[in-house]
Amino acid sequence: MSHNTAEPRVVYEGKYQRMVVRGTWEYSERTHAGGLAAIIIAVTPDDEVLFVEQFRVPLQARTIEMPAGLVGDINADEAIEDSAVRELEEETGWTAAHAEVLMIGPTSSGASSEKIAFVRATGLRRIGDGGGDDSEDITVHRIPRTRAAAWLVEMMGKGYELDAKLWAGLWMIEHHLDGRPRG
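Since the structure is predicted, the reported quantities are computational estimates derived from the model, not experimental observations.

Caption draft 1: Fine view of the nonpolar core. Ranked by size, the top nonpolar core spans 22 residues in total, and within it Phe51, Ile64, Met66, Leu152 and Leu170 carry the most contacts. Counting only elements with at least two residues in this core, the list comes to strand E4 (36-42), strand E5 (48-56), strand E9 (115-126), helix H2 (148-157) and helix H3 (165-174). Apart from residues no more than four positions distant in its own chain, Phe51 is found in contact with Ile64, Glu65, Met66, Thr139, Val140, His141, Ile143, Ala148, Trp151, Leu152, Leu166 and Leu170.

Caption draft 2: Up close: a nonpolar patch on the surface. Together, Val11, Tyr12 and Met19 make up an exposed nonpolar region whose accessible area comes to about 280 Å². Locating Tyr12 in the fold gives a position in strand E1 (residues 9-13).

Caption draft 3: View of unusual backbone geometry. The residue Asp47 is not glycine, and still its phi comes out positive at about 65°. Relative to the elements of secondary structure, Asp47 occurs in the loop between E4 and E5. The class of Asp47 is partly exposed, set by a relative accessible area of 30%. The phi dihedral of Gln60 is positive, around 50°, even though this residue is not glycine. Relative to the assigned elements, Gln60 resides in the loop between E5 and strand E6 (61-65).

Caption draft 4: A look at the side chain of Glu91. Counting through the fold element by element, Glu91 comes out in helix H1 (residues 80-92). This buried residue, Glu91, is left without a salt bridge; Arg56 holds the nearest opposite charge, at 5.6 Å. Those residues in contact with Glu91, other than ones at most four positions away along the chain, are Val52, Pro67, Ala68, Gly130, Gly131, Gly132, Glu136, Ile138 and Val140.

Caption draft 5: Structural context of the sheet that holds strand E2 (residues 17-22). Spatially, E1-E2-E3 is the arrangement adopted by the 3 strands of the open sheet, whose pairing is antiparallel. The sheet is open, and its two edges are formed by E1 and strand E3 (25-30), each paired on a single side. Sheet twist, expressed as the mean angle between neighbouring strand axes with direction ignored, is 30°. Strand direction decides the pairing type here: E1 and E2, joined by 4 bridges, are antiparallel. Bridging across to E2, Tyr12 finds its partner in Met19.

Cut-offs and rules
Residues numbered from 1 in each chain as written. Predicted model: local features only at pLDDT ≥ 70, side-chain atom pairs only at ≥ 80, totals over all residues. Heavy atoms only, no water. Core = buried A, V, L, I, M, F, W, Y, C linked by side-chain atoms within 4.5 Å. Buried < 20%, exposed > 50% of the residue type's maximum accessible area, 1.4 Å probe, protein only. Helix = DSSP H or I, 4+ residues; strand = E, 2+ residues; numbered from the N terminus. Contact = heavy atoms within 4.5 Å. Patch = residues over 30% accessible without salt bridge, like charges linked within 9 Å, V, L, I, M, F, W, Y side chains within 5 Å. Areas by Shrake-Rupley, 256 points an atom, 1.4 Å probe, with all protein chains shown as cover. Salt bridge = Lys/Arg side-chain N within 4 Å of Asp/Glu carboxyl O. Lys, Arg positive; Asp, Glu negative; His and termini not counted. Pairing = 2+ DSSP bridges. Axes fitted to C-alpha atoms, helices over the stretch in contact; angles between N-to-C directions.

Structural data, given as structure tokens:
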């Protein structure tokens, strides 16, 4: 097994990302504290899964996602759980009484050092309209949990871009990581 241990060389650095070359590898790194993002798995008291729709410049397409955001982009000392609740409120208009980190893993290990935390938000309560901050144009979708997977397939058929992690998030609503059903 060969590991590329060459010194990294930063070839570009922006506000949120940097491009790094290490030996023959080229990849991106997040520039904020920890290089971590959170994806929030949130189900309303009416058993609806919260999804967000927005235009994503890198894809030049509208996407369907679970609420998500960078951890530590505003306050470097912010806990993952606090960041997740803040992003949930900002994007969807819902807050959570509790947030639990289920797992942390790489998003695209061949192209980026970024990791993502799956965070389960519970005890949801609506506090506003959502829609994101001034730089975002987010549409919130509340989809009955029992129809969520079928709805995602319908949205894919309409041309929306969907990340495979959406199905992992749906699975985590009903299962612990080891496969046991949630009670």
